[in-house]
Amino acid sequence: MSDMITADLVDLDLSADTKEAAARALAERMVAQGRVTDLEGFLADVAAREAQMPTGLDGGIGIPHCRSAHVSEPTLAFGRSAAGIDFGAPDGPADLIFLIAAPAGADDAHLTILSSLARQLMNADFTSALRAVADAETAAALIRGDEKPSAARTAEPEGEGAGEGAATTASAGRTGAAEGAAAGRGADGAEAGEGADGGAKVAPGAAEGAVSASQDTAATPVAASAGAAAVTTTGRAQSASAPDSGERPFRIVAVTSCPTGIAHTYMAAESLENAGREAGVELVVETQGSAGFTRLDPEAIAAADGVIFAHDVPVRDKDRFAGKPTVDVGVKAGINRPAELIGEVREKAARGETSAPASASGGTPVERAGDSTEGYGTKLRKWLMSGVSYMVPFVAAGGLLIALGFAIGGYKIKSAPSVMDHFVWTQTDSWAALMFQIGAVAFGFLVPVLAGYIAYGMADRPGLVPGFVGGMIASTINAGFLGGLVAGLLAGGVVLAIQKIDIPAVLRGIMPVVVIPLISAAIVGFLMFVVVGKPIAAAQKGMTDWLNGLSGSNAILLGALLGLMMCFDLGGPVNKVAYTFATAGIAVANPSDSAMKIMAAVMAAGMVPPLAMALATTVRGRLFTPTERENGKAAWVLGASFISEGAIPFAAADPLRVIPSSMVGGALTGALSMAFGATLRAPHGGIFVVPLIGNPFLYLVAIAAGVCATTALVVLLKGMRKQSPESTPGGPANTTTAKGAKQPVAA
């Protein structure tokens, strides 16, 4: 924390009149110190975060913040406004503005420090000291925790507190309100107790420094004693010791989270803990922030009398809290009105009002992984991706074994006798036949696994039996992957329908073991054999014949289309559709030449984005942040291994430049691979299966062409965004700022 904020990052006379101008003024200080590499890009990220939810808080505090690829190291800038700036807080403008900048790949330690600052903002002594501080160096020391608020106030020369200007005077009343808000109640500014200089007094030794790296930001129980509240000279209510009544206090568990997971998450936790002390309850908070989270002890959850969710992103593992009185609100409600939330949950407990039990709210695997408000289309995609994700390892293992068998023994190996009847330890052909036959057995599981786990995603474990049965029938009648998709959806739907039937209590014990598997397997088998099987098999044959007939420009266009799909979302649903289409063609004992060309084009295109990002960070490193340059080193290996996800960090940081560039390179590579007639029997492996590729040299040329095209586009587009100091608007001040930014970055 010692270098996260310095005096150069403090502006005690912030003259901005809008939140955008305030963010720009503080961000320019970060640029001057080399902490931010692209001012406009960083401000765009700040604005995007602000658009999600206003960052103004009760008590005159504004905390614009974001994680950005344009931040080179975790940084905090502080500004104090005399007139106040509107950050969307209910109680009016903010005079204390903290701009928090975290790198896109910030480590847990730095995020923990920033989170500790967010908690300290709920300390009225800390904010009062910042309103009264006379110089930037002392303000930075306060925020770092090098100086206590009480020491900062007592060290002020006589008269300086009054001469601090309108900032301190205007905020005196707000200080009392902030103190009350932190404790979960309203407060009149006069309660704070004003001194002769008009500033809010701070009790000596009332608070520690702003931030301590060792401060616990994980789940921390707060046991508060009941009793009368004693109001101190600062207006803060403290819980007195309760008499030994023999009654255990009311117990609450809470979860806080916000989109960025840096500030609001921990401020809500601090506010709830303070309110818990005031109310005399035991309160445990689980902060689900950017630095990860520590799950609450299951015993603490089991013993809790109520639950509070203060969140703006879905609560992770929410079913742990099912069956208890629950209050579910946004994260700012946890900051601004914690006492009301505690009162609400106590009222619900008194009425016996609880959330659904875990058995009813747990849901299917897909539902547990997503949001309960997702539409049917989103769920359908997730069901299909569930099956594909479980199928891919079988494709990779089986395909590579078959390809190795062909590489060692030639294509005649597919007619070799069973190794059970003929296997000679010293003959390479026997080993080739063994690999081919193991791979063929693994391939035999593809369609059943696809169908089984689609049904599993829909209906949980009861869907496995009818799903696997339907998938095996699809393989038997040559309905292929299309049959597997339909069988999985049918199986999941049948099981869900059976589960809705009101079953007599005497039969419920045998439902999951006997009744559901028996009835669902029979229904799915009937539908696959008699109703839908033949039409699906005909459609599968038609698709296979179409692929076999592809040639010339049609094949090249298909290669370009598959390349676009592989690079559109880098391992996402569209990418998986293209990959599954390719593997479906080779997942047979004797794949056609066209199917192997499609597999080669898909793998080549999927290698382009990470390799291109790696090359771009090498040839134009100054266009990328230090974190991106480190990611670029790993992207060499990931791209060479056909792991498209290696480009995701770059796409997430700059999607409008990286994704279109990747799609252009992927389309070029896919088209060239099809034009060159490269073939591939293995479904995975990257450059490590080049010996198994037909026309390997031209195949590598196709990959290199796509990588160069994507690299050139990314460098061009990113270079256009970078403005020279001479072209930066705003005159000499901006020119100086830009120059100041270059020195640390170049180092």
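Residues numbered from 1 in each chain as written. Predicted model: local features only at pLDDT ≥ 70, side-chain atom pairs only at ≥ 80, totals over all residues. Heavy atoms only, no water.

A. A look at the overall build of the protein. Scanning the protein from N- to C-terminus turns up 27 helices and 15 strands. Long-range pairs, those at least 24 residues apart, make up 74% of the contacts in the protein between residues at least 6 apart in sequence. Surface exposure of the protein reaches about 30900 Å², of which carbon and sulfur atoms provide 61%. (Helix = DSSP H or I, 4+ residues; strand = E, 2+ residues; numbered from the N terminus. Contact = heavy atoms within 4.5 Å. Areas by Shrake-Rupley, 256 points an atom, 1.4 Å probe, with all protein chains shown as cover.)

B. Inspection of unusual backbone geometry at higher detail. Phi angles above zero are rare outside glycine, and Asp460 is one such case at about 65°. If you trace the backbone, Asp460 turns up in the loop between α16 (446-459) and α17 (464-476). Although it is not a glycine, Asn695 sits at a positive phi angle of roughly 60°. Relative to the elements of secondary structure, Asn695 occurs in the loop between β15 (693-694) and α26 (696-721). Since its relative accessible area comes to 40%, Asn695 is described here as partly exposed. (Buried < 20%, exposed > 50% of the residue type's maximum accessible area, 1.4 Å probe, protein only.)

C. Focus on a nonpolar patch on the surface. Taken together, Leu507, Ile510, Val513 and Val514 make up a surface patch of nonpolar side chains, about 330 Å² in accessible area. If you trace the backbone, Val513 turns up in helix α19 (residues 511-548). Look at Val513 and you get exposed, because its relative accessible area is 65%. (Patch = residues over 30% accessible without salt bridge, like charges linked within 9 Å, V, L, I, M, F, W, Y side chains within 5 Å. Salt bridge = Lys/Arg side-chain N within 4 Å of Asp/Glu carboxyl O.)

D. Up close: the packing of helix α8 (residues 264-279) against helix α11 (residues 338-351). Relative orientation of the contacting elements α8 and α11 amounts to 65°, with a least axis distance of 8 Å. Read as a crossing pair, α8 and α11 show a hand that is right-handed. Taken together, the residues of α11 that come into contact with α8 (itself represented by Ser271, Leu272, Ala275, Gly276 and Ala279) are Pro338, Ala339, Leu341, Ile342 and Arg346. Along the lines of polarity and charge, the residues of the contact of α8 with α11 split into 7 nonpolar, 2 polar and 1 charged. (Axes fitted to C-alpha atoms, helices over the stretch in contact; angles between N-to-C directions. Left-handed = near helix turned anticlockwise from the far one by under 90°. Nonpolar A, V, L, I, M, F, W, Y, C, P; charged D, E, K, R; others polar.)

E. Fine view of the pattern of salt bridges. Taken as a whole and assessed by the stated rule, the structure comprises 18 salt bridges. With a closest N to O distance of 2.8 Å, Asp95 and Arg131 form a salt bridge. Placement of the pair is Asp95 in strand β6 (residues 94-103) and Arg131 in helix α4 (residues 124-132), with a sequence separation of 36 residues. Linking Arg351 and Glu353 is a salt bridge whose minimum nitrogen-to-oxygen distance equals 2.9 Å. With a relative accessible area of 36%, Glu353 lands in the partly exposed category. When salt bridges that share partners are traced, they join Arg337, Glu340 and Glu344 into one network.

F. Broad picture of helix α15 (residues 428-443). Taking 1.5 Å per residue, 16 residues should reach 22 Å; α15 reaches 22 Å between its end C-alpha atoms and fits that length. Inspection of α15 places Ser430, Ala432, Ala433, Phe436, Gln437, Gly439, Ala442 and Phe443 among the buried residues, and these make up the whole buried set. (Expected span 1.5 Å × (residues − 1).)

G. Focus on the environment of Ala432. When you line up the elements, Ala432 lands in helix α15. According to the relative accessible area criterion, Ala432 is buried, its value standing at 0%. A C-alpha to C-alpha distance of 9.5 Å links Ala432 and Ala403, two positions 29 residues apart in sequence.

H. The arrangement of the environment of Gly405 in detail. Positionally, Gly405 belongs in helix α14 (residues 376-409). Judged by its relative accessible area of 0%, Gly405 is buried. Sequence separation between Gly405 and Ile438 is 33 residues, and the spatial gap between their C-alpha atoms is 9.6 Å. Ignoring any residue separated from it by four or fewer positions in sequence, one finds Gly405 in contact with Gly410, Ile413, Ala432, Met435 and Phe436.

I. Inspection of the nonpolar core at higher detail. Tyr579, Val602, Met603, Leu680 and Tyr699 are the most contacted members of the largest nonpolar core, which has 87 residues in total. In terms of residue count, the dominant contributor to this core is helix α22 (residues 593-619) (16 residues). Setting aside anything within four residues of it in sequence, one finds Leu680 in contact with Ile586, Met596, Met599, Ala600, Met603, Val689 and Ile693. The next biggest cluster of nonpolar side chains, apart from the first, holds 52 residues, and it includes Leu39, Ala77, Ile85 and Phe87. (Core = buried A, V, L, I, M, F, W, Y, C linked by side-chain atoms within 4.5 Å.)

J. Here's a closer look at the packing of helix α25 (residues 655-676) against α26. Their axes nearest at 8 Å, the elements α25 and α26 cross at an angle of 160°. In terms of axis orientation, α25 runs roughly antiparallel to α26. α25 and α26 meet at a crossing whose hand is right-handed. Among the residues making up the contact of α25 with α26, the classes are represented as 15 nonpolar, 7 polar and 3 charged. (Parallel < 35°, antiparallel > 145°, perpendicular 65-115°, else oblique.)

K. Region of interest: the pairing of β6. Of all 10 residues that make up β6, 10 are buried, and the element is covered over most of its length. Sheet topology places strand β3 (residues 61-62) next to β6; 2 bridges connect them, and they run parallel. Across the sheet, the residue bridging to Gly62 is Ile97, located in β6. Bridge analysis of strand β4 (residues 65-68) against β6 gives 4 bridges, and the strand direction is parallel. Paired with Cys66 across the two strands is Ala101, which belongs to β6. Here strand β5 (residues 75-85) pairs with β6 via 7 bridges, running antiparallel. In the strand pairing of β6, Thr75 is matched with Ala101. (Pairing = 2+ DSSP bridges.)

L. Helix α1 (residues 19-32), seen in detail. Here α1 contains 14 residues, and its C-alpha end-to-end distance of 20 Å stays within 8% of the 20 Å for a straight helix at 1.5 Å per residue. Positioned one or two residues after α1, Gly34 has a phi angle of 75°, which is positive.

M. Representation of the packing of aromatic side chains within the structure. For the structure on display, the rule yields 12 aromatic pairs. Seen in terms of ring centroids, Phe624 and Phe650 are 6.2 Å apart; in terms of plane orientation they differ by 85°. Their pairing is edge-to-face. With Phe624 in the loop between α22 and α23 (626-640) and Phe650 in helix α24 (residues 648-653), this pair connects stretches of sequence that are 26 residues apart. Each member of the pair, Phe624 as well as Phe650, carries the same accessibility label: buried. Through pairs of rings, three or more aromatic residues link up here, namely Tyr390, Tyr453, Tyr456 and Phe468. (Phe/Tyr/Trp six-rings, centres within 6.5 Å; stacked < 30°, edge-to-face > 60°.)

N. Summary view of the pairing of strand β1 (residues 10-14). With 4 of its 5 residues buried, β1 lies for the most part within the structure. In this structure, β1 lies alongside β5, joined through 3 bridges in parallel fashion. Among the inter-strand pairings, Leu14 is bridged to a residue of β5, identified as Ser81.

By themselves, these figures tell us nothing about what the structure is for.
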